[in-house]
Amino acid sequence: MTTTDGEDRIRRRPDDEEADIYDEDGNVRSDFLALVGAAIADRDTLFLRQNVARLHESEIGDLLESIQPDQRLALVRLLGEDFDMTALTEVDEAIRREIVDQMPNEQIAAAIGELDSDDAVYILEDLDKEDREEILAQLPFTERVRLRRALDYPESSAGRRMQTEFVAVPPFWTVGQTIDYMRDEEDLPYSFSQIFVIDPTFKLLGAVDLDQILRTKRQTKIEQIMRETNHPVPAEMDQEEAAQLFEQYDLLSAAVVDENGRLVGVLTIDDVVDVIHEEADEDIKRLGGVGDEELSDNVLSTARSRFLWLLINLGTAMLSASVIGLFDASIEKMIALAVLMPIVASMGGNAGTQTMTVTVRALATRDLDIYNAGRIIRREAGVGILNGVVFATIMGAIAGIWFHDYQLGGVIAAAMIINLMAAALAGILLPLLLDKVGADPAIASSVFVTTVTDCTGFFAFLGIATWWFGI
């Protein structure tokens, strides 16, 4: 460590020499950001190598997201070979593209060669095809073939997420041969928990856990202790489905096989955790109609990603307005209707959103399917009726006291029951219908559910009032 002013403020962890860069809220500390910013401005590579290069990849990722955009590339350049490219897998796509696009292909190729294949693919898939091919051409033949094979699989598939470094042995080897192989072979994964068993064509036969290897005598053959591989993952399988396998069967790793059952890679729990986080984040964003937006995106790209669904919302709002227009004469004669009708629509919208959120998440996690859909629909309908009666009673009494007209209270109470029932049904049936026809319910449900509750609420309230009061 150097002894520049303020560096003593960087607290030490009790178990190593790395700086604790986080404050009590889990954010990167402002004084550390100031020190890094000053070091970048002064081109103080010694400070950066001693205080930044030694950080964990996730900490460097947090640092890159916290510093100013013009400092990011400068930091990467100043660190040079000491910059851990794995950190780019910890930042959002916009920042990763921003940094990688400004790096020489030679530097990327040199860094890619030091990464695990899954991390290398994560970075390469964001590059233009021309740059990607130039970088791949600079890699050793075996590594180039592995990465190209992974990149050939569909985006968001298990094949894209898998690690192509694994340990595989034939079934006739003994435990002793396997242990000696692992001790002598230098080109092994950095960490692994399973040894896979394959035939001469690389077809997957089974697997052996490392703890089983350690507990077995050296002369025992692998085929005697191997077990069938727990739920091998097809390389073409969607990464979200693969993550559900890990969740359901409590897997730490799983073999990835091609269409012929040949072993092509391994999917590990650390990558699956990232997948679960990404998919949950994606669902939340889509429910709000913001697409793949990132916090680091600029104004133009953010506005563009939100434009389509705002436009659709405008169209549905005009549809709701047209329903109100059908009863303009009634509203003119009874101003209280204009005051109360937003309450009916708003309550329906909130109730529909609650049901829709639960439904979309249940569809995403495969907790809702054809076998239990009927029961869930009946449950949500019951919830809609129950809440409708409760809030109809409350709002009917309030409206009657407010406008000194208990008939008006009865009208809004009836409309409230109708709309909350419609909201509950729309909140579950529309996502189910969209999922059935192959559309993503997380993207489209919100707009349609809101439209149903608005139109139903306005039509029920204004229609009942017009009929009851004869206006």
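What counts and how
- Residues numbered from 1 in each chain as written.
- Predicted model: local features only at pLDDT ≥ 70, side-chain atom pairs only at ≥ 80, totals over all residues.
- Heavy atoms only, no water.
- Helix = DSSP H or I, 4+ residues; strand = E, 2+ residues; numbered from the N terminus.
- Contact = heavy atoms within 4.5 Å.
- Areas by Shrake-Rupley, 256 points an atom, 1.4 Å probe, with all protein chains shown as cover.
- Lys, Arg positive; Asp, Glu negative; His and termini not counted.
- Charge placed at Lys NZ, Arg CZ, Asp CG, Glu CD.
- Core = buried A, V, L, I, M, F, W, Y, C linked by side-chain atoms within 4.5 Å.
- Buried < 20%, exposed > 50% of the residue type's maximum accessible area, 1.4 Å probe, protein only.
- Domains from an automatic or database assignment.
- Salt bridge = Lys/Arg side-chain N within 4 Å of Asp/Glu carboxyl O.
- UniProt positions renumbered as here; feature names shortened; annotations may be inferred.
- Pairing = 2+ DSSP bridges.
- Right-handed = clockwise from strand over helix to strand, strands pointing away.
- Arc of directions from axis to C-beta.
- Phe/Tyr/Trp six-rings, centres within 6.5 Å; stacked < 30°, edge-to-face > 60°.
- Buried area = accessible area lost by both parts, 1.4 Å probe.
- Polar contact = N/O pair within 3.5 Å; in protein donor to acceptor, adjacent residues only side chain to side chain.
- Axes fitted to C-alpha atoms, helices over the stretch in contact; angles between N-to-C directions.
- Parallel < 35°, antiparallel > 145°, perpendicular 65-115°, else oblique.
- Left-handed = near helix turned anticlockwise from the far one by under 90°.
- Nonpolar A, V, L, I, M, F, W, Y, C, P; charged D, E, K, R; others polar.

**Looking at the overall build of the protein chain**
- A tally of regular secondary structure across the protein chain gives 21 helices and six strands.
- Dimensions along the principal axes, computed over C-alpha positions, put the protein chain at roughly 90 × 65 × 45 Å.
- Relative to all contacts within the protein chain whose residues are 6 or more apart in sequence, the contacts with residues 24 or more apart total 65%.
- Total accessible area on the protein chain is roughly 24,800 Å²; 55% of this is exposed by carbon and sulfur atoms.
- One finds the centroid of the 39 positive side-chain charges in the protein chain at a distance of 4 Å from the centroid of its 82 negative side-chain charges.

**Topic: the nonpolar core**
- Counting residues in hydrophobic clusters, the biggest one holds 62 residues, and the most contacted among them are Leu-48, Leu-64, Leu-75, Phe-83, Met-85 and Ile-112.
- Sort the elements by how many residues they give to this core and helix 1 (residues 30–41) lands first, with five residues.
- Counting only domains with at least three residues in this core, you end up with domain 1 (30–160) and domain 2 (168–288).
- Among all residues touching Leu-75, those that are not within four sequence positions of it are Ile-40, Leu-48, Val-52, Leu-63, Leu-64 and Ile-67.

**Some thoughts on the pattern of salt bridges**
- Enumeration over the complete set of coordinates arrives at 13 salt bridges.
- Of the charged contacts, one joins Arg-72 and Glu-98 as a salt bridge, the two residues approaching to 3.4 Å between their closest N and O atoms. Here Arg-72 is found in helix 4 (residues 69–79), whereas its partner Glu-98 is found in helix 5 (residues 93–100), with 26 residues between them in sequence.
- According to the relative accessible area criterion, Arg-72 is buried, its value standing at 6%.

**Side note on the UniProt feature "transmembrane region" (unreviewed entry) in the protein chain**
- Using the residue numbers shown here, the UniProt feature "transmembrane region" (unreviewed entry) corresponds to residues 307–327, 385–404, 410–434 and 446–469.
- Its end C-alpha atoms 31 Å apart, residues 307–327 is made of 90% helix and 0% strand.
- Within the segment residues 410–434, helix and strand shares are 100% and 0% respectively, and the terminal C-alpha atoms sit 36 Å apart.

**A word on the environment of Leu-310**
- Relative to the helices and strands, Leu-310 resides in helix 16 (residues 299–325).
- Note: C-alpha distance between Leu-310 and Val-447 (137 residues apart in sequence) is 9.5 Å.

**Overview of the sheet that holds strand 3 (residues 204–209)**
- Pairing is mixed in the open sheet, where three strands are placed in the order 1-2-3. On the outer flanks of this sheet lie strand 1 (168–169) and strand 3, each paired with one strand and no other.
- The pairing of strand 1 with strand 2 (residues 194–198) spans two bridges and is classified as parallel. Each residue of the ladder has a partner; that of Val-169, found in strand 2, is Val-197.

**Things to note about the pairing of strand 2**
- Taking burial as the measure, the five residues of strand 2 include five buried ones, the bulk of the element.
- Residues Gln-194, Phe-196 and Ile-198 line one face of strand 2 and the alternating positions Ile-195 and Val-197 line the opposite face, and both faces are buried.
- As a crossover connection, the stretch from strand 1 through helix 11 (residues 175–184) into strand 2 is right-handed.
- As paired elements, strand 2 and strand 3 share five bridges and run antiparallel to each other. Its bridge partner lying in strand 3, Ile-198 is registered against Leu-204.

**Re the side chain of Thr-316**
- Assignment of secondary structure puts Thr-316 in helix 16.
- Since its relative accessible area comes to 16%, Thr-316 is described here as buried.
- Apart from the residues within four sequence positions on either side, Thr-316 is in contact with Val-447 and Thr-451.

**Some remarks on the sheet that holds strand 4 (residues 233–234)**
- Overall, mixed pairing links the three strands, which are arranged 4-5-6 in an open sheet. A strand with exactly one partner marks an edge of an open sheet, and here the two such strands are strand 4 and strand 6 (263–268).
- Across two bridges, the pairing between strand 4 and strand 5 (residues 253–257) is parallel. The partner of Val-233 across the bridge, within strand 5, is Val-256.

**Re helix 11**
- Of the positions making up helix 11, those classed as buried are Val-175, Gly-176, Thr-178, Ile-179 and Met-182. Down the axis, helix 11 shows its buried residues gathered within 165° of arc, on one side only.
- Buried positions along helix 11 lie against strand 1, strand 2, helix 12 (210–214) and helix 13 (222–225).

**Some details on the packing of aromatic side chains**
- Taken as a whole and judged by the stated rule, the model has four aromatic pairs.
- Geometrically, the ring pair formed by Trp-402 and Phe-403 is stacked, given 4.9 Å between the ring centres and 25° between the ring planes.
- Overall, Trp-402 belongs to the partly exposed group, its relative accessible area being 47%.

**Some thoughts on the domain arrangement of the protein chain**
- Parsing the protein chain into structural domains produces domain 1 (30–160), domain 2 (168–288) and domain 3 (299–469).
- Just the C-alpha atoms count here: the centres of domain 2 and domain 3 sit 48 Å apart.
- Listed as interface residues are seven residues of domain 2 and, on the opposing side, ten residues of domain 3.
- When domain 2 packs against domain 3, the two sides together hide about 780 Å² of surface, and 49% of this comes from carbon and sulfur.
- Applying the counting criterion to the domain 2 and domain 3 interface returns zero residue pairs in polar contact (both at pLDDT 80 or more).
- For the side of domain 2 that touches domain 3, the secondary structure elements donating two or more residues are helix 14 (239–249) and helix 15 (269–287).

**What about the packing of helix 20 (residues 406–436) against helix 21 (residues 441–469)?**
- Where helix 20 meets helix 21, the axes come as close as 8 Å, and the angle between the chain directions of the two elements is 155°. When the axes of helix 20 and helix 21 are compared, the pair comes out roughly antiparallel. Considering how the two elements wind past one another, helix 20 and helix 21 form a crossing that is right-handed.
- Each residue belonging to the contact of helix 20 with helix 21 can be placed in one class, and the counts come to 23 nonpolar, seven polar and one charged.

**Some points on the environment of Ile-108**
- Tracing the sequence through the fold places Ile-108 in helix 6 (residues 105–112).
- Overall, Ile-108 belongs to the buried group, its relative accessible area being 0%.
- Ile-108 sits 88 residues away from Phe-196 along the chain, and the two C-alpha atoms are 32 Å apart.
- Excluding anything up to four places from it in sequence, Ile-108 contacts Met-85, Val-100, Met-103 and Ile-135.

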